[in-house]
Amino acid sequence: MAADAGALAGPAPRATGRSLGAPLLTGGVAVTYLSLVVLLPLAALAARAHTGGWHDFWAAARNPQAVAALKLTLALASGVVLVNAVMGTLIAWVLVRDRFLGKSLLNAVIDLPFALPTIVASLTLLTLYGPKSRIHNLAFTRAGVLVALLFVTLPFVVRTVQPVLLELDRDMEEAAASLGAGKVAIFRRIVFPNLLPAILSGVALAFARAIGEFGAVVLLSGNLPFKTEVASVFIFSQLNADNTNGAAALSLELLGISFLVLIGIGALRRWAIRHDR
């Protein structure tokens, strides 16, 4: 009877993907928008950096002050990634798994660096950690720049890990606990493998933001060459000095580094997802 009913009903409808419009039209709009917003400005930057040829480009890129600024930027961005990977995951865990007074307020404060203009963040941090600070004077120091970068990149890991924690099946954790597994073993074997792709996504965004941040560090860094001058502030100073080729050269270096890092972390993220399966 079931077979007869199935035969009378006919073949099941095949699931088909439905596009919003003609593929050529929607694809053309997407490519055009991407070209205007991203590809053309990047191409203009590359052309500007090579205006004087490869010799002038490498001379600008090997400028000792530019090299020092780039090294400091990468070192601070790496520190930001390490701190955010740990603290961002911890904060996301607290927001999802714990209940306490003021949780909603804390959850809203996490997004404050996104909403606050970065120059306002720099002024706020300078007021708190400047020469007249009652806490500690971090103005015009590398530690102060690191604090500024941590401030603006905090939400990235928190907001990428938090949804994964919310959707994580806790039955596996309870089953492991019933079998005698400790909290550390449960986190290491069950929770962390599921969180790793999200953590990698968050730190990739944090790294890219850190190496290009300007507004949050411009006041607190003091722009001291070879000491606290980061790449973004160096580029700004070169533009003020009418050295657009030097500014474009370092900008192109930052672009290449960001692109390689994002590709590398993306590949690591895909490996983590396949390995978890």
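These numbers come from a predicted model, not from an experiment.

Here we come to the side chain of threonine 153. With respect to the helices and strands, threonine 153 occurs in helix 8 (residues 142-167). Residue classification places threonine 153 among the buried positions, given a relative accessible area of 0%.

Time to look at the pattern of salt bridges. The full count for this structure, using the stated rule, is 3 salt bridges. Measuring nitrogen to oxygen at the nearest pair gives 2.7 Å for the salt bridge that ties arginine 209 to glutamate 213. Arginine 209 sits in the partly exposed class, given a relative accessible area of 23%. Given the relative accessible area of 6%, glutamate 213 is considered buried.

Attention now goes to helix 12 (residues 231-240). For helix 12, the set of buried residues is Ala231, Ser232, Val233, Phe234, Ile235 and Gln238. Within two residues after helix 12, aspartate 242 carries a phi angle of roughly 65°, on the positive side.

To continue, consider unusual backbone geometry. Of note in this structure, asparagine 223 is not a glycine but carries a positive phi near 55°. Within the secondary structure, asparagine 223 is located in the loop between helix 11 (218-221) and helix 12. The residue aspartate 242 is not glycine, and still its phi comes out positive at about 65°. Topologically, aspartate 242 is positioned in the loop between helix 12 and helix 13 (244-276). The exposure class assigned to aspartate 242 is exposed, which follows from its relative accessible area of 65%.

Quick look at the confidence of the model for the chain now. A residue-level look at the chain finds 86% of positions with pLDDT of 70 or above and a mean pLDDT of 84. Looking over the chain, one finds the lowest element-wise mean pLDDT in helix 1 (residues 2-9), namely 42, and the highest in helix 4 (residues 64-97), namely 94. Predicted confidence for residues 1-17 stays below pLDDT 50, and this span has 0 contacts to residues more than four positions away or in other chains.

Residue position: leucine 112 is located in helix 6 (residues 112-115). C-alpha separation for the pair leucine 112 and valine 152, spaced 40 residues apart in sequence, amounts to 8.8 Å.

With that out of the way, let us pick up the nonpolar core. Membership of the largest hydrophobic core comes to 46 residues, with the highest contact counts inside it found for Leu149, Val161, Leu165, Val217 and Val230. At 11 residues, the largest contribution of residues to this core is made by helix 4. If we ignore the near neighbours within four places in the chain, the residues touching leucine 165 are Ala92, Trp93, Val96, Arg97, Val191 and Leu195.

Right, let's talk about the side chain of serine 251 for a bit. For serine 251, the position within the fold is in helix 13. Here serine 251 falls in the buried class, since its relative accessible area comes to 19%. Sequence-distant contacts of serine 251, that is, excluding residues within four places in its chain, are made with Leu45 and Ile235.

Now for helix 8. Helix length check: helix 8, at 26 residues, gives a terminal C-alpha distance of 39 Å against a target of 38 Å (1.5 Å per residue), a fit within 8%. Considering bend angle alone, the principal kink of helix 8 is centred on valine 152 and spans about 40°; proline proline 155 follows within four residues of it.

This part takes up the packing of helix 7 (residues 118-129) against helix 8. Between two packed helices, what matters for the description is the angle formed by their axes and the separation of those axes. Between helix 7 and helix 8, whose axes approach to 11 Å, the crossing angle comes to 135°. Comparing their axes, helix 8 and helix 7 come out oblique. Of the two possible hands of crossing, helix 7 and helix 8 adopt the one that is right-handed. For the pair helix 7 and helix 8, the contacting residues are Ala121, Leu125 and Tyr129 in the first and Val147, Ala148 and Phe151 in the second. Among the residues making up the contact of helix 7 with helix 8, the classes are represented as 6 nonpolar, no polar and no charged.

Definitions and cut-offs
- Residues numbered from 1 in each chain as written.
- Predicted model: local features only at pLDDT ≥ 70, side-chain atom pairs only at ≥ 80, totals over all residues.
- Heavy atoms only, no water.
- Helix = DSSP H or I, 4+ residues; strand = E, 2+ residues; numbered from the N terminus.
- Buried < 20%, exposed > 50% of the residue type's maximum accessible area, 1.4 Å probe, protein only.
- Salt bridge = Lys/Arg side-chain N within 4 Å of Asp/Glu carboxyl O.
- pLDDT = per-residue confidence, 0-100.
- Contact = heavy atoms within 4.5 Å.
- Core = buried A, V, L, I, M, F, W, Y, C linked by side-chain atoms within 4.5 Å.
- Expected span 1.5 Å × (residues − 1).
- Bend = angle between axes of the 7 residues up to and from the residue.
- Axes fitted to C-alpha atoms, helices over the stretch in contact; angles between N-to-C directions.
- Parallel < 35°, antiparallel > 145°, perpendicular 65-115°, else oblique.
- Left-handed = near helix turned anticlockwise from the far one by under 90°.
- Nonpolar A, V, L, I, M, F, W, Y, C, P; charged D, E, K, R; others polar.

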